[in-house]
Amino acid sequence: MIRFENIEILQNENLAKYTTIGIGGNADYFIKISDKPQLYAAIEWAQKNNLPITVIGRGSKSLISDKGVRGVVLQLVGMDSIVIDDIFVYVESGASLIRLANLTISRGLRGLEWAVGIPASLGGALVMNAGAYGGSIADCVLSVEFFNGSSFETWSNERCGFGYRKSVFMDNPQYIITAAKLGLVPDKKEKLEQLAAEYKAKRQQSQPSGKSLGSAFKKMKDNIAPGEILDKAGLKGYTIGGAMISPAHANFIINKGDATCQDVLILLEYMQDIIYEKTGLTPELEIRLLGEF
Ligand SMILES: Cc1cc2nc3c(=O)[nH]c(=O)nc-3n(C[C@H](O)[C@H](O)[C@H](O)COP(=O)(O)OP(=O)(O)OC[C@H]3O[C@@H](n4cnc5c(N)ncnc54)[C@H](O)[C@@H]3O)c2cc1C
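Residues numbered from 1 in each chain as written. Predicted model: local features only at pLDDT ≥ 70, side-chain atom pairs only at ≥ 80, totals over all residues. Heavy atoms only, no water.

### A word on the packing of aromatic side chains
Then step 1. Under the counting rule described, the total for this entry stands at 11 aromatic pairs.
Then step 2. Geometrically, the ring pair formed by Y18 and F30 is stacked, given 4.3 Å between the ring centres and 20 degrees between the ring planes. Of this pair, Y18 sits in the loop between β2 (7-14) and β3 (26-32) while F30 sits in strand β3; the two residues are 12 residues apart in sequence, bridging distant segments of the chain. Assigned by exposure class, Y18 and F30 land together as buried.
Then step 3. Ring pairing ties together the aromatic residues F146, W155, F169 and Y175, which thus form one cluster.
Then step 4. The ring of F152 carries K36 above its face, with NZ or CZ at 5.2 Å from the centroid. (Phe/Tyr/Trp six-rings, centres within 6.5 Å; stacked < 30°, edge-to-face > 60°. Helix = DSSP H or I, 4+ residues; strand = E, 2+ residues; numbered from the N terminus. Buried < 20%, exposed > 50% of the residue type's maximum accessible area, 1.4 Å probe, protein only. Lys NZ or Arg CZ within 6 Å of the ring centre and 35° of its normal.)

Listed below in structure tokens is the structure:
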């Protein structure tokens, strides 16, 4: 382990345990960040050593290469404060989306009921514009604060390029999101709790158990769901190595225990081919690929 200022830098750290699917090779260097001074130190160390930076949140959308990630991986989940001021919420990017949703609901603030059950960090949710049941994080974002590689900037919602499972941050992986300001709407706490409970129950019925990264592909034009096409093609349970199309939801890939990134990539390509064969459409990958491919 290397020490630099207020940070500890792990070498050759395996990343599988930092993802919900439990797959991935090693990061050359890995740093857990708990506050802004640590983030400054990590950026300074990486820049001094001319190393690229990759950020992960809760790893619930990240498929990490078997070859690992070159340079420095920063995990921001320790930077997780949530400050509520009237209808405004200032959230650091490592905060759990589930904790944020539960907290705001308990304060009688509407806007994040759909998020109960999504195992994201706020940062990952902003990059992906995570959403469910007709809501998405973009609906309540007022501004996003990030490091652009040389300085900090704060952008209003309009500049963030939010769309269906996309944002400007997705196309600019050098941007490190540190926090966001959200604006929510006062409402009856009991009503919000009931709504969140309904969404949670729906999710429990439809969402597969097991290690996954959520939906593999985005919905296609005319709202065509890749999972339905794959289901009709009889692919539930189809397996490559340790990676299996979930028997419960055909757009989810499950790690049966010993899946490699390569297994998942082969399966994804097969799923894409079948969808193309059945619809003439090529579905866009929702899963993010991180590392050396
Ligand atoms: C069981 C399950 C259910 C799910 N249900 C849903 C759902 O209903 N709706 C939905 O939209 N998604 C869902 N997902 C997918 C996933 O939770 C979301 O995409 C989530 O937004 C990813 O957040 P994360 O913190 O885990 O991101 P990560 O996987 O850690 O990162 C995702 C991407 O964001 C980047 N990133 C992360 N943090 C930062 C940061 N601070 N600054 C800059 N870049 C950053 C990473 O480099 C990567 O490219 C589900 C996943 C699972 C496993």
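### Re helix α4 (residues 189-206)
Note: α-helices contain 3.6 residues per turn, so residues at a spacing of three or four share the same orientation.
Then step 1. For α4, spanning 18 residues, the distance from its first C-alpha to its last is 26 Å, which sits close to the expected 26 Å at 1.5 Å a residue.
Then step 2. Of the positions making up α4, those classed as buried are L192, A196, Y199 and R203. Angular distribution of buried residues about the axis of α4 spans 60 degrees; they occupy a single face of the element. Residues of α4 that are exposed and angled more than 90 degrees away from the buried face: E190, Q194, Q204 and Q205.
Then step 3. Lining the buried residues of α4 we find α2 (97-106), β9 (109-110) and β10 (131-132). (Expected span 1.5 Å × (residues − 1). Arc of directions from axis to C-beta. Contact = heavy atoms within 4.5 Å.)

### Comments concerning the site of the ligand
Then step 1. Around the ligand sit 34 residues in total, of which V55, G57, S60, S121 and G131 are the nearest.
Then step 2. Between an oxygen atom of the ligand and a main-chain N or O atom of G57, the distance comes to 2.7 Å.
Then step 3. The contact in question runs from an oxygen atom of the ligand to an N or O atom on the side chain of S121, over 2.6 Å.
Then step 4. When the ligand is considered free in solution it has 970 Å² of accessible area, and contact with the protein chains removes 92% of it.
Then step 5. Elements with a contribution of two residues or more to the shell around the ligand: β4 (53-56), α3 (122-128), β10, β14 (176-183) and β19 (288-290).
Then step 6. Broken down by element, the shell around the ligand gets its largest block of residues, 5 residues, from α3. (Near = heavy atom within 4 Å. Polar contact = N/O pair within 3.5 Å; in protein donor to acceptor, adjacent residues only side chain to side chain. Areas by Shrake-Rupley, 256 points an atom, 1.4 Å probe, with all protein chains shown as cover.)

### Structural notes on the sheet that holds strand β13 (residues 152-156)
Strand-to-strand pairing in sheets goes through backbone hydrogen bonds, with the strands running parallel or antiparallel.
Then step 1. The 5 strands lie next to each other as β7-β8-β14-β12-β13, forming an open sheet whose pairing is antiparallel. Each edge of the sheet is formed by a strand with only one pairing partner; in this case those strands are β7 (82-85) and β13. The average undirected angle you get between the axes of adjacent strands in this sheet is 15 degrees.
Then step 2. Taken together, the 6 bridges between strand β12 (residues 141-147) and β14 define a ladder with antiparallel strand orientation. What sits directly across from V144, in β14, is A180.
Then step 3. Packing against the sheet, helix α1 (residues 36-48) makes contact with β12, β13 and β14, and its axis sits at approximately 150 degrees to β14.
Then step 4. Along the sheet face, α2 touches β7, β8 (88-92) and β14 and points at about 25 degrees away from the line of β7. (Pairing = 2+ DSSP bridges. Axes fitted to C-alpha atoms, helices over the stretch in contact; angles between N-to-C directions.)

### What about the sheet that holds β4?
Then step 1. Taken in spatial order, the 5 strands line up as β1-β2-β3-β6-β4 in an open sheet, and their pairing is mixed. At either margin of the open sheet sits one strand with a lone partner, and together these are β1 (2-4) and β4. Along the sheet, successive strands turn relative to each other by an average axial angle of 30 degrees, direction set aside.
Then step 2. Pairing geometry for β4 and strand β6 (residues 69-75), over 4 bridges, is parallel. Within β6, the residue paired with V55 across the bridge is L74.
Then step 3. Its contacts with the sheet put α1 on β1, β2, β3, β4 and β6, and the angle it makes with β1 is roughly 110 degrees.

### Topic: the state of the cysteines
Then step 1. Enumeration according to the criterion identifies 0 disulfides in this entry.
Then step 2. Cysteine C140 remains unbridged, with the sulfur of C160 as its closest cysteine sulfur at 12 Å. (Disulfide = S-S within 2.5 Å.)

### Some thoughts on the domain arrangement of the chain
Then step 1. As far as domains go, the chain holds domain 1 (2-75), domain 2 (82-206) and domain 3 (221-290).
Then step 2. Computed from C-alpha atoms alone, the centre-to-centre distance between domain 1 and domain 2 is 23 Å.
Then step 3. With both sides pooled, the region where domain 1 packs onto domain 2 buries about 1,000 Å², and carbon together with sulfur makes up 67% of that total.
Then step 4. The tally of links from domain 1 across to domain 2 stands at 1 salt bridge. (Domains from an automatic or database assignment. Buried area = accessible area lost by both parts, 1.4 Å probe. Salt bridge = Lys/Arg side-chain N within 4 Å of Asp/Glu carboxyl O.)

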